[in-house]
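Each chain, letter by letter, is given below.
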Amino acid sequence: MSGQLSRYCFAGALLGMTLGLSTVVSARGEAEQATAEIRRTSFGVPHIRAQDERGLGYGIGYAYAQDNLCLLANEIVTVNGQRSRYFGPQQVTVEQRENRASDLFFTWLNTPQAVSGFWQAQAPEIQQLVEGYVGGYNRALAERRAKGLPEQCASEWVRPITTQDLVKLTRRLLVEGGVGQFAEALAGAQPPKATAQADLSTSGFAVAAARQQRFALERGSNALAIGSERSFNGRGMLLANPHFPWLGGMRFYQMHLTIPGKLDVMGAALPGLPMINIGFSQHLAWTHTVDTSKHFTLYRLQLDPKDPTRYLFDGKSVPMSQQTVTVDIKQADGQVKPVSRVVYSSRFGPIVQWPGKLDWDNRFAYSLRDANLENDRVLAQWYAMNRAVTLKDLQDTVQRIQGIPWVNTLAVDDQGHSLYMNVSVVPNVDAHKLARCSDPRAGQKLIVLDGSRSECDWNIDPNAVQKGIYAADKLPQLSRRDYVQNSNDSAWMVNPSQPLSGYSPVISQQDLPLGLRARFALDRLGQLAKSGPVTANDLQRMVMDDQVYLADQVMPDLLAFCAGDLGADASALAEACTRLKNWDRTASLDSGVGFVHFQHIMQALQAVPGIWRVAFDPKDPQHTPRGLAVERPPVDEALRQAMRASVDAFKAAGLPADSQWQDIQVASSGARRTPIHGGPGELGIYNAIQSVPGASGKREVVGGTSYLQVVTFDGNGPNAQGLLAFSLSSDPSSPYSADQTQAFSNRQWSVLPFTEQQIKADPHYQALIIRETDRAAKVATQ
């Protein structure tokens, strides 16, 4: 693993032994001890079978620790707010957040009261899954410690985990779409003229702002659910293409879970979750895409002129609550000292302070209310989806439990129905309340409400499962027999034949430009409609063709510009023009340098007003905007500058002139470098891949296409093909650390074994039985 990527993965090491928390559950009788069978097939994919939830969780935790011990240990450090204690306050997390800000945030988020409340709200079967996971992970840890821990985390701070640790991981997941994006702003908030609290690094806010901008890209997705009218066999078809980080606590894990007679589901899950997030079962397949709904609102507080830690509410002065948060920080001399900071909160939530954006002065302060802080239903939600038998079952569970945090759900069944649901946890703020209470200067990217009036509180719907959120029947849902699709746009154009409109802007907005990935999907579906029914291969090719949709919209104009009179710039621009002309307009491995120039040029032009020859038309969102208005002087000049800069940047990188994309974009696992196709989703590349500059002009993949599945059905059940693009294990020494990555590079999808016959027929089949009472795992017999 490269030095830079190592810093991304493990900004130091992973955490210590002390935690004033209980460990697993109390001892049980031998008859109640967990037992699980773990069968692994090609690429090491575990098929875990048990007779009950505790046994299933035991098998999941054990298998996960075999493959990702250091990854989970690192995340446990993070969510316990102890990174500064072991790695120092200035080091950074996987997300490039300073350890001190991270620790302050997670110590505030995961208080003993909050963690205990979440745990007590779980049904017994969920608790048993989590308890089993803890036991299985800790067993695998003990076995691995006896042999020697992996190099990345071979230190004393790797410890057995607890049920509380997994609750903290889950709560971190919940707030990813809300207050989790404001960790620096929460940790750094302090009253004006306060001197007792040390300032956090201002550079951290720049990184946080960039992280917010990238949220939908790094945790985005494509999804396409095909119904009977478009399917090759009249049954449902699903393409799941989530774009998630390849590193850290949002890295998917592939597995198959079975409790005979109760559960049989396969797919992918996030670290620490003993259930499937995206997957398929005997009659169903589903996936998620990050939605555009708001899951939090800000409140602007009008402060008491006499005291900036008091605010006016309905004409009365109210004190902010104060919570002292203490974290242990490793000093330069190696000593560890506690450092305390006060986190202020209003009745709405914590005070957040973002210099130049959300300032806390003597007149105003800003408080953030995150709807998912009260969502203790998320685990029950996904487990109910895992157990759903029909599409109606799945839809009913989502509407009844309403635990989906910040994503859309798209699903199909073997009867040919396709379904879209934007049923997540959304603040109940209608258009009328926005008109009365919001600050129009903030726009609609951040909803800022008036915090001085009770009438601006979130509305209460008695049909909602949680106070202050929209009831499920008020949120967008669409069932079709042709298709539904989503690529992180609003619900509006899920299917242009039936636009979803008229919702509060907090839920979904209409008459706005579609993302280029959505336009690509609609365009490709239109093309496929002319050639006949959609096949599984068609869905795979949507990703693997690596088409750059934006190139179709602007390349004719770029080439016309190059063919015209370039004047004094002719020689300077000749190289870029030649490369663009020879480019195949894809992000394939063998795509030439023209693709690099195209990325540079279009990134530079995004900031130039009036670049489109045909402006966006809400009556034609599928085809506008389009065309590059190179005849306009500002666009002409910006284009020339961008092309010259691109030529200079390529030369400075020191890459050979005949380089291909495979020579530039790579994924690293230890010393191994795997070339990766795909590119920025904002260019309309369905196979969205996020990479960052690395050494020698290369780019290192950090996110994008992650777990891929295409599921079809026949009379016997599901037929699934898929890939985990970054492979199963994050341990470079594992045989499963780069095998699927190479398959992804080769565009080789694999059959996902689901039936007993498929599992046991796999050429790499191996089985293991683990029992809590055994000293060692036992090889299972056929």
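Predicted, not measured: the structure shown is a model, and the values here were computed from it.

K.L.:
What is the right way to read the state of the cysteines from this model?
P.N.:
Two cysteines, two sulfur atoms, one covalent bond between them: this is a disulfide. Applying the stated rule across the entire model yields three disulfides. Sulfur-sulfur distance for the disulfide between Cys 70 and Cys 153 comes to 2.0 Å. Its S-S torsion of about -65° marks the bond between Cys 70 and Cys 153 as left-handed, since a negative value means left-handed. In this pair, Cys 70 sits in helix 2 (residues 53–79) while Cys 153 sits in the loop between helix 6 (124–147) and helix 7 (163–174), placing the two residues 83 residues apart along the sequence. The exposure class assigned to Cys 153 is buried, which follows from its relative accessible area of 0%. The residue that forms a disulfide with Cys 437 is Cys 456, at a sulfur-sulfur distance of 2.1 Å.

K.L.:
Would you mind showing me how to read the packing of helix 13 (residues 516–531) against helix 14 (residues 536–544) here?
P.N.:
When two helices pack together, their arrangement is captured by the angle between the axes and the distance separating the axes. It is at 12 Å that the axes of helix 13 and helix 14 come closest, and there the two elements cross at 145°. Regarding helix 13 and helix 14, the two cross each other, and that crossing is right-handed. Between helix 13, through Phe 520, Ala 521, Arg 524 and Leu 528, and helix 14, the contact on the second element is made entirely by Asp 538, Arg 541 and Met 542. Residue classes in the contact of helix 13 with helix 14 are distributed as four nonpolar, no polar and three charged.

K.L.:
What should I look at first to understand the pairing of strand 17 (residues 418–421) in this one?
P.N.:
Look at any regular strand and the pattern is simple: side chains alternate between the two faces of the sheet. What you see with strand 17 is no split at all: Ser 418 and Tyr 420 on one side and Leu 419 and Met 421 on the other are buried throughout. For strand 16 (residues 407–413) and strand 17, the ladder comprises four bridges, and the chain directions are antiparallel. Across the sheet, residue Thr 409 finds its bridge partner in strand 17, namely Met 421. As consecutive antiparallel partners, strand 16 and strand 17 are separated by four residues, and within that stretch Gly 416 has a phi angle of approximately 95°, a positive value. With four bridges connecting them, strand 17 and strand 19 (residues 477–480) associate as antiparallel partners. Residue pairing in the sheet places Met 421 in a bridge with Gln 477 of strand 19.

K.L.:
Explain unusual backbone geometry to me, please; I cannot follow it from the model alone.
P.N.:
Phi is mostly negative for residues that are not glycine, and the peptide bonds are mostly trans. Between Thr 624 and the following residue, Pro 625, the backbone shows a cis peptide bond with an omega angle of 0°. Relative to the elements of secondary structure, Pro 625 occurs in the loop between strand 21 (612–614) and strand 22 (626–628). In this model, Ser 727 sits at a positive phi of 75°, which is unusual for a non-glycine residue. In this fold, Ser 727 is placed in the loop between strand 28 (717–724) and helix 19 (739–745). In this model, Arg 747 sits at a positive phi of 60°, which is unusual for a non-glycine residue. With relative accessibility at 35%, the residue Arg 747 sits in the partly exposed group.

K.L.:
I'm lost on the environment of Asp 511 in this one. Help?
P.N.:
For Asp 511, the position within the fold is in the loop between strand 20 (483–486) and helix 13. Expressed as a C-alpha distance, the spacing of Asp 511 and Pro 338, which sit 173 residues apart in the sequence, is 52 Å. Other than its neighbours up to four places away in sequence, Asp 511 contacts Trp 492, Phe 616 and Pro 618.

K.L.:
Please clarify how the packing of aromatic side chains should be interpreted in this entry.
P.N.:
Tallied over the entire structure, the rule returns 17 aromatic pairs. Residues Phe 280 and Phe 754 carry aromatic rings whose centres are separated by 5.3 Å and whose planes lie at 50° to one another, so their mutual orientation is tilted. With a gap of 474 residues between them, Phe 280 in strand 7 (residues 278–280) and Phe 754 in the loop between strand 29 (750–751) and helix 20 (756–761) connect regions that are remote in the sequence. Judged by relative accessible area, Phe 280 falls into the buried class, the value being 0%. A ring pair is formed by Tyr 299 and Phe 348, whose centres lie 3.8 Å apart and whose planes are at 5°; its orientation type is stacked. With Tyr 299 in strand 9 (residues 296–304) and Phe 348 in the loop between strand 13 (336–345) and strand 14 (351–352), this residue pair connects regions lying 49 residues apart in the sequence. The class of Phe 348 is buried, set by a relative accessible area of 7%. Put simply, the rings of Trp 583, Phe 595, Phe 598 and Trp 661 touch in pairs and so form one group of aromatic residues. Positioned above the aromatic ring of Phe 364 is the side chain of Arg 300, whose terminal nitrogen or guanidinium carbon lies 4.3 Å from the ring centre. Across from the ring centre of Trp 458, 3.7 Å away, lies the NZ or CZ of Arg 369, which sits over that ring.

K.L.:
When you look at the packing of helix 15 (residues 549–563) against helix 16 (residues 570–582) in this model, what are you seeing that I'm missing?
P.N.:
One way to put it is that helix 15 packs onto helix 16 with a least axis distance of 10 Å and a crossing angle of 140°. Classified by the angle between their axes, helix 15 and helix 16 sit oblique to one another. The interaxial crossing formed by helix 15 with helix 16 has left-handed handedness. Residues Met 555, Leu 559, Phe 561 and Cys 562 of helix 15 lie in contact with helix 16, whose contacting residues are Leu 573, Cys 577, Leu 580 and Lys 581. Of the residues belonging to the contact of helix 15 with helix 16, the class tally is seven nonpolar, no polar and one charged.

K.L.:
Which parts of the structure should I look at to understand helix 14?
P.N.:
Residues that lie three or four places apart on an α-helix share one face, since the helix turns once every 3.6 residues. With seven of nine residues buried, helix 14 lies mostly within the body of the structure. Where helix 14 is concerned, the buried positions are Ala 536, Asp 538, Leu 539, Gln 540, Met 542, Val 543 and Met 544. If you follow the buried residues of helix 14, they end up packed against strand 3 (220–226), strand 4 (237–245), helix 13, strand 27 (707–714), strand 28 and helix 19. After helix 14 finishes, the residue Asp 546 shows a positive phi value of roughly 55°.

K.L.:
I would appreciate a short explanation of the side chain of Asp 482 in the present structure.
P.N.:
For Asp 482, the location among the structural elements is in the loop between strand 19 and strand 20. Polar contacts involving the side chain of Asp 482 include one to the side chain of Arg 480, which spans 2.8 Å. Those residues in contact with Asp 482, other than ones at most four positions away along the chain, are Ala 225, Ile 226, Gly 227, Glu 229, Arg 230 and Asn 495.

Cut-offs applied
- Residues numbered from 1 in each chain as written.
- Predicted model: local features only at pLDDT ≥ 70, side-chain atom pairs only at ≥ 80, totals over all residues.
- Heavy atoms only, no water.
- Disulfide = S-S within 2.5 Å.
- Helix = DSSP H or I, 4+ residues; strand = E, 2+ residues; numbered from the N terminus.
- Buried < 20%, exposed > 50% of the residue type's maximum accessible area, 1.4 Å probe, protein only.
- Axes fitted to C-alpha atoms, helices over the stretch in contact; angles between N-to-C directions.
- Left-handed = near helix turned anticlockwise from the far one by under 90°.
- Contact = heavy atoms within 4.5 Å.
- Nonpolar A, V, L, I, M, F, W, Y, C, P; charged D, E, K, R; others polar.
- Pairing = 2+ DSSP bridges.
- Phe/Tyr/Trp six-rings, centres within 6.5 Å; stacked < 30°, edge-to-face > 60°.
- Lys NZ or Arg CZ within 6 Å of the ring centre and 35° of its normal.
- Parallel < 35°, antiparallel > 145°, perpendicular 65-115°, else oblique.
- Polar contact = N/O pair within 3.5 Å; in protein donor to acceptor, adjacent residues only side chain to side chain.

Nothing here speaks to function; it is geometry throughout.
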